[in-house]
Amino acid sequence: PSIRDRTREFLLTVQSAKTHGITSVKPAKKTSMDAYARRKRFSSKAADIGKDIHKTADKLAKLTKLAKSKSLFDDPAAEISELSYVITQDIQRLNEDLDELSRIHELENPSNGQSNDHASAVKKCLQSNLKTTAESFRSVLQIRSENLQLQQSRRSE
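Residues numbered from 1 in each chain as written. Predicted model: local features only at pLDDT ≥ 70, side-chain atom pairs only at ≥ 80, totals over all residues. Heavy atoms only, no water.

Visitor: What am I meant to see in the pattern of salt bridges here?
Guide: Here the structure, examined in full by the defined rule, presents nine salt bridges. Glu9 is paired through a salt bridge with Arg4; the nearest N and O atoms lie 3.3 Å apart. Judged by relative accessible area, which is 34%, Glu9 ranks as partly exposed. One salt-bridge network, in which partners are shared between bridges, spans Lys45, Asp52, Lys59, Asp90, Arg93, Asp97 and Glu100. (Salt bridge = Lys/Arg side-chain N within 4 Å of Asp/Glu carboxyl O. Buried < 20%, exposed > 50% of the residue type's maximum accessible area, 1.4 Å probe, protein only.)

Visitor: What is the right way to read the side chain of Arg144 from this model?
Guide: Looking at where Arg144 falls in the secondary structure, it is placed in helix α4 (residues 113-156). Excluding residues within four positions of it along the chain, Arg144 makes contact with Ala67, Asp75, Ala77 and Ile80. (Helix = DSSP H or I, 4+ residues; strand = E, 2+ residues; numbered from the N terminus. Contact = heavy atoms within 4.5 Å.)

Visitor: Quick question: what am I supposed to make of the nonpolar core here?
Guide: Soluble, globular proteins show a tendency: their nonpolar side chains are buried together. Judged by nonpolar contacts, the single largest core of 22 residues is most densely connected at Ile49, Leu63, Ile87, Leu101 and Leu126. Leaving out residues up to four positions away in the same chain, Leu126 has contacts with Ala46, Ile49, Gly50, Ile53, Leu98 and Leu101. (Core = buried A, V, L, I, M, F, W, Y, C linked by side-chain atoms within 4.5 Å.)

Visitor: I keep staring at a nonpolar patch on the surface and nothing clicks. Help me out?
Guide: Judged by side-chain polarity, Phe10, Leu11 and Val14 come together as a nonpolar surface patch covering roughly 290 Å² of accessible area. Overall, Leu11 belongs to the exposed group, its relative accessible area being 53%. (Patch = residues over 30% accessible without salt bridge, like charges linked within 9 Å, V, L, I, M, F, W, Y side chains within 5 Å. Areas by Shrake-Rupley, 256 points an atom, 1.4 Å probe, with all protein chains shown as cover.)

Visitor: Got a minute to help me understand the environment of Asn116 in this structure?
Guide: As for its placement among the helices and strands, Asn116 is situated in helix α4. Under the relative-accessibility criterion, Asn116 is labelled partly exposed at 24%. When the C-alpha atoms of Asn116 and His105 are compared, they prove to be 8.1 Å apart, with 11 residues separating the residues in sequence.

Shown next as structure tokens:
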């Protein structure tokens, strides 16, 4: 295939447009750009929530490891307490973020069936992941409570 320089033709076309009063090219549809911006806002918020759930799950894994330790002499109580507080705050914030995501979806998404189905599926997945994380957190706190009771009974013996 041969390459042909069409710069001159382009410049002539631009010049012709200027002489006929055409000064700018308008975007095809403003609504398509608005819809894109709405989807991007929803998707970006959903991605941030997913990342934060993952970070919280990582903290929970660390807490689980600490809570399962059964040492009488080297109890990481302060670290467990601090991590528990941070995870509690994370879960509360994530619930608020999911509520905000729902509001974004309700206010900004058009009544496009496929788009709504996708957004609903994303929200359900995030809610499920957060619920699983919160349930695991409760379980870890229960394990910690049981271990503290065992330590207390061993000390009193």
